[in-house]
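# Structural overview for review
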Amino acid sequence: MTGRKHIVLLGSTGSIGKSALDVIGRHPRRFRIEALAANRNARLILAQTRKYKPARVALAEPAAYRFVRDRVRRWKNPPRVEGGMEGIRRAAVMPAADLVLSAMAGSAGLL
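Residues numbered from 1 in each chain as written. Predicted model: local features only at pLDDT ≥ 70, side-chain atom pairs only at ≥ 80, totals over all residues. Heavy atoms only, no water.

What follows is about the pairing of strand β2 (residues 31-38). With respect to burial, β2 is a largely interior element, 7 of its 8 residues being buried. As judged from the 6 bridges shared by strand β1 (residues 5-10) and β2, these two strands associate in the parallel manner. Looking across to β2, one finds that V8 is bridged to A35. Crossover β1 to β2 through helix α1 (residues 15-25) is right-handed. (Buried < 20%, exposed > 50% of the residue type's maximum accessible area, 1.4 Å probe, protein only. Helix = DSSP H or I, 4+ residues; strand = E, 2+ residues; numbered from the N terminus. Pairing = 2+ DSSP bridges. Right-handed = clockwise from strand over helix to strand, strands pointing away.)

Shown next as structure tokens:
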């Protein structure tokens, strides 16, 4: 494998997403998280954002989006935080992504 693969992870706070991050975290020279997306687990995605430093974070639920957005504003080099399913869709089509892993439940990940 040459160079790092840039990954967008949809559903990062669920069981499959957490397992994917565990694998990715063991291979920082091979993978970089470009974006994380979740439905509503704001506290967990905030912790994941601190650890993996993605360029973008998206949350479907408005209250979770506002919670994360308000906290990362104080960070040096904060990620772009987006809300709603449109924000998740924008994360999924990031030009920087080599791979999109959709670990979202149900039809939400098909968008």
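Back to the text.
We now examine the environment of I7. You can see I7 is positioned in strand β1. Linking I7 and E61, residues 54 residues apart in sequence, is a C-alpha distance of 22 Å. The contact partners of I7, leaving out residues within four places of it in the chain, are I24, F31, R32, I33, E34, A35 and L99. (Contact = heavy atoms within 4.5 Å.)

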